[in-house]
Each structure stands twice: as structure tokens, then as C-alpha cells.
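# Structural overview for review
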Amino acid sequence: MKKPVFNVEFLDRNGELKGNSRRSFLKNTGLLVAGTGLFMYSCSDDELNEELLVADAHAATKRAGQSFNLGKGDIAILNYAYVLEQLEAAFYEKVLEGEYYKGANAEERGILQDLYYHEVIHREFLKTALNSVAPPGKVAPDLILNFSGVDFDDRETVLTIAQILEDTGVSAYNGAGNLLENPEYLLVAGKIVSVEARHAAAIRDLLDPGTTNFASPDILVNLLGTGPAYDKALDPNVVLSAVAATGFLETKIITNNIPTE
Amino acid sequence: MNIIKFLENLSDPGLLNTPISRRSSLIDLKNKGKDLALVSIPFALAATSSKTKAATMSMASAAFQASVNEVLNFALTLEYLERDFYEEGLDSGVIPQADRDIFGLIYDHEVSHVEILKAALDGNDRPRPTFDFTLGGALNPFEDYAVFLELSQAFEDTGVRAYKGQAGALIDNNTLLEYALQIHSVEARHASQIRRMRGEKGWITRNETTIPSSFSAVYAGEENTVQLGIDLAGRFNNFGGVDAVTEAFDEPLTMAEVNAIAGIFITS
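Since this is a predicted model, take the numbers as computed values, not measurements.

## A look at the overall build of chain A
- The secondary structure content of chain A amounts to seven helices and four strands.
- The N-to-C order of helical and strand elements in chain A reads α-α-β-α-α-α-α-β-β-α-β.
- For chain A, buried positions account for 49% of its 261 residues.
- Taking all contacts inside chain A whose residues are at least 6 apart in sequence as the whole, residues at least 24 apart take part in 72%.

## Comments concerning the overall build of chain B
- For chain B, the count of helices and strands is eleven helices and two strands.
- Reading the helices (α) and strands (β) of chain B from amino to carboxyl end gives α-α-α-α-α-α-α-α-α-β-β-α-α.
- Buried residues in chain B amount to 48% of all 268 residues.
- Expressed as a percentage of contacts within chain B between residues at least 6 apart in sequence, the contacts between residues at least 24 apart total 74%.

## Description of the confidence of the model for chain B
- Confidence along chain B averages 84 in pLDDT terms, with 76% of residues attaining 70 or more.
- Considering only residues more than four positions removed or in separate chains, one finds that residues 1–44 of chain B, a stretch of pLDDT under 50, has 50 contacts.

## A closer look at the nonpolar core
Residues and elements named next belong to chain A.
- Within the largest apolar cluster, 139 residues are counted, with the highest numbers of intra-cluster contacts made by A81, L87, I121 and A189.
- Among the elements that take part in this core, helix α6 (residues 183–207) stands out by supplying 15 residues, more than any other.
- The residues touching A189, leaving out its near neighbours within four places in the chain, are A81, Y173, A176, G177 and L180.

## Focus: the interface of chain B and chain A
- Listed per partner, the contact involves 53 residues of chain B and 45 residues of chain A.
- Those elements giving two or more residues to the side of chain B that touches chain A turn out to be α7 (97–121), α8 (145–166), α9 (174–197) and α10 (241–247) of chain B.
- The element contributing the most residues to the side of chain B that touches chain A is α9(B), with 17 residues.
- Looking at side-chain class alone, the side of chain B that touches chain A contains 28 nonpolar, 14 polar and eleven charged residues.

## A word on the packing of helix α3 (residues 73–97) of chain A against helix α5 (residues 155–176) of chain A
Residues and elements named next belong to chain A.
- Two elements in contact, α3 and α5, have axes whose closest approach is 11 Å; the angle formed by their N-to-C orientations is 165°. Comparing their axes, α5 and α3 come out roughly antiparallel. Considering how the two elements wind past one another, α3 and α5 form a crossing that is left-handed. Residue-level inspection shows I77, Y80, A81, L84, L87, E88, F91 and V95 of α3 in contact with α5, the latter providing V158, I161, L165, G169, A172, Y173 and A176.

Quick notes on the rules
- All residue numbers here refer to positions counted from 1 along the written sequence of the relevant chain.
- Written order decides the labels, with chains lettered from A and ligands numbered from 1.
- Since the coordinates come from a predicted model, pLDDT governs what is reported: local features require at least 70, and pairs of side-chain atoms require 80 or more to be given and counted, while whole-chain, interface and lining totals use all residues.
- Where helices and strands are cited, they refer to DSSP runs of H or I of at least four residues and of E of at least two residues respectively, numbered from the N terminus.
- A residue is called partly exposed when the number of other C-beta atoms within 10 Å of its own lies between 12 and 20, exposed at 12 or fewer, and buried at 20 or more, with C-beta atoms placed from the backbone.
- Residues are treated as contacting if the C-beta atoms built from their backbones sit within 7 Å of each other.
- Values of pLDDT, ranging from 0 to 100, describe the predictor's confidence in every residue of the model.
- Buried Ala, Val, Leu, Ile, Met, Phe, Trp, Tyr and Cys residues whose C-beta atoms connect them within 7 Å together make up a nonpolar core.
- Polar here means any residue other than Ala, Val, Leu, Ile, Met, Phe, Trp, Tyr, Cys and Pro, which are nonpolar, and Asp, Glu, Lys and Arg, which are charged; Gly is therefore polar.
- The convention used is that axes are lines fitted to C-alpha atoms, helices contributing only their stretch in contact, and that angles between N-to-C directions extend from 0 to 180 degrees.
- In this scheme, roughly parallel covers angles under 35 degrees and roughly antiparallel covers those over 145, while 65 to 115 is roughly perpendicular and the rest are oblique.
- Put simply, a crossing is left-handed when the front helix is turned counterclockwise from the back one by less than a right angle, and right-handed when it is turned clockwise.

If you want it as C-alpha cells, here you go:
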């Protein structure tokens, strides 16, 4: 039986598939693998545990159903953040529900539990803030999320997805900062993004301990030719397209009125 | 206040000759006499938590807001501090082989950050300061790796809070604000890694730390639980409680608070 699976393919710098090394795969993982997004297709159960598949942005099917328009102005950005935090919190909730992956040691469990707590707190905080400033019906609903294709018992899968979510969260907040008008919102977004970066560094270190993976040149970008010493700052549409491509988020997010500068 | 002269008043020369253990020499300082700890480290480093709390809460509407060039020069001073600190650390041999790649990377980042800030200042950059990371011999970060790590952590966590505190001042310059955010999150990655290398969590719990309490100013205000006027304490008892609430948000420091911390290391 075929079922949708999330597996992330490693494409090397020449865009060629490398099915073997999980380690090198991880170094290049990001929601924008090879600049084209994640690719997804289904495969048989036999191949599930062994093969690294690829999630295709074009092939991801969405059930007809829930959609939400982020709105405009600062409310749109707060909703955007709330969407991302819902996604993260739901993922970690699944990780904990499944009693972590096989072989998770005490440190790893502690980290994942903390990440769960923090994302729930971020989520609920943003929900509360939105409910107090946005008109009724303008706050994102509980999203329809689908992690059914994820093998939560596999360490590399879980940590890789966590890494992607955290790195993406950092780049999302960084890219949204200058779209905010209210300095109070900018400050609180700033308070959250550095915590997401701390998360990202810790997960990356779990994946490749004691190395430069926590802030690898592979995830950073070069500004003004000074070197790859900067986190990405991505446009909300870029982030949301990549999120949609994972297949985790089934709710369609509409961004036609969000701030663009 | 001339910090070096102040420290020369330390009346226990034997202290500086005490064999260095893995524990910080600052803990030795404290053990030699509690009063000595308070007297010997400049008061500016001690937490002034009520002041910080007030400053944090009024951050967004602070009457004083630095100009763009002041913010950039402020950041540049911190990046010079970090860059020079890591350069000296790498040159000194205090860093074990296994960790050299990590600090080499962090150093490279700080070099880049110095360059971008100078470029953004376009001729208006302040002269590069000189630093004494030993505080006239009171600290030995380039001999005792534990002390080097403590200072590294202090500098990175301070850096995160420093950039955060100035984001508002850059709100009218989209490009510079974005650059600042892109630097700020990398400093947070640094901080997370160094903290975990020292056996702390990558994130800050309340205002707690295992670096010497003489550096408590670095974490003052991190116990805050109020965000956008909403007190989150008590709402997450099944989700890590107040510990998690304080971990989930990093708090800013004002320019004055950061300068008070960094300034003790500046000799000119």
C-alpha cells in the first residue's frame, strides 16, 4: 500500500541525488533544497525505512478544505508567526506522544521537551495577543496538520525535521522583522527569533555533535561579500511555499494582503 | 571609573597566584571572602534587576533612542570585542584541539560582522578599541579554558541581548534592521553552542547561570514573564512552568547596560 511519506532527499551541489550518506544529506538540508523546495512522492512500505525520498512541491496534493487569509499589516505578520508556531508545536507534540525516537538519551529528551514547551508557549502567546488585537474571524484557526508520513521512531528523521523547522523559523522571523510597523511587535518577534536560533543550534549539534554544524556555512548566507556569517531572512511567501511543500500543513494560507516592505 | 586602578586595589596578591583549577578564578575570588567578591568586581556588572525590568518594559517607548550610526557603532564595538577575544583565545592555545573548529567558526563570523558594520558605517566607524580580557590579571581566560568558556558565554548572550535592544532603533531602515536580525540570530547560535559546551542549556532559564555571579548583569531581566502586557507566568504549569516561559523569550538590554558590561574590558 502506498501512503504519503515525508522523506527529504539530499541533492548535492550539482543537483544530483545522493542516496547514501545521511550525514552529508543533513548538511544541505533546508526547506529550499537546491533552490526548488522539497519534493515529495509516495513509496512502498518496504522502502520506507531505507530510502530517502524527495518531496515534490508540485506533486503535493491538498485536500479541498480549510484556508485562511493572513490579513494585512502587523496582524498578518502575527498570524504568520502563529501559523509557524502551531506547526512547530504540533510536530514536537507528536515527538513526545511517540515517547521520542528509539535511542533518545536523557539530554535529547530534555531538549525536545523544552522545544515542545517553548513552541507551545510561543503559540499560545501569539494566539492570545492576536485575539486581543485582531477583529473576530481574523485570527488563524487551529490548522489542519498532517504528520502521518513521518517515522517518529527514527532519530535522524525527527531531528532533521526539527532542524528544518527551527532553521526555517529563524529565517521567517528574520524576514518578517522589517515588515512590522509596531515596535512592540518587532521587539517580541526579536525575543522569539533568538530562542529559535538557540533551538536550531542545539538540534544541529545533536545531529553532528561537537562540530561547526550549529552554525554551518551551509545554512548561513553571505552579506555584502563579508562571508557566510548571517542567518537567512526569507520572504513570507517563500517560507509558506516551502512549508506547504512538506505536506505537513494542509490548511491553505493566503497571503495576498500581507505587507511586502 | 578607571577599572584597572580599581582592580589594583585588590589586597590579596596571593589570590592571583592561586593555582588555577577548572573552576573559575572568580569563584576563588568569592571564596576568599564574600565582601571581596562584591568589592573587587565593578558594580556595573552586578545585576540591577529592577532597573533592567523598568528599562525592558519601557524599551519600545524609550525617550532615548540611538541614531542609526550610534547603533551601528555600538554593535561594532561589541563585534570588535568578540573578534579580538576569540582571536586572542585561538592564538593563546587555551582552546583544546577538539573545540578549535568551533571557535574558529565563531571567530570567522565575528570578523565578518565587524566588516559589515564598518561597511554600513561608511567612514563613520569609531576607532577600534583595545581590550584587556584579563581585567588587569584578575581573570585568566587565556590560560584556563573554563574561564575562556565563561567569558565566551557572557559575551555571546550579551551580544544577543544587545542587538535585540536596538532593533527598535533601526525600525525605519529596512535593510539595516534586517542585517541586524541576521547577525543577532547567529550570535544566538553561538550562545547556544557555548552554553551547552559548558553544560548549561542552550537557552536561558530565568536569570540563572553557572557563570560567576559577578557577571549577573548579563542575565538581569531574563526572569521576565510579561510579553506585550500579558503575564505568561502561571499559564503553562503543564508546559514547563515559569522556567519554560522565561526560556521561551530572550530579553533585551539597553545600550547603557551593555556598555556597562563590555566597558570594563575596554582599556582605550
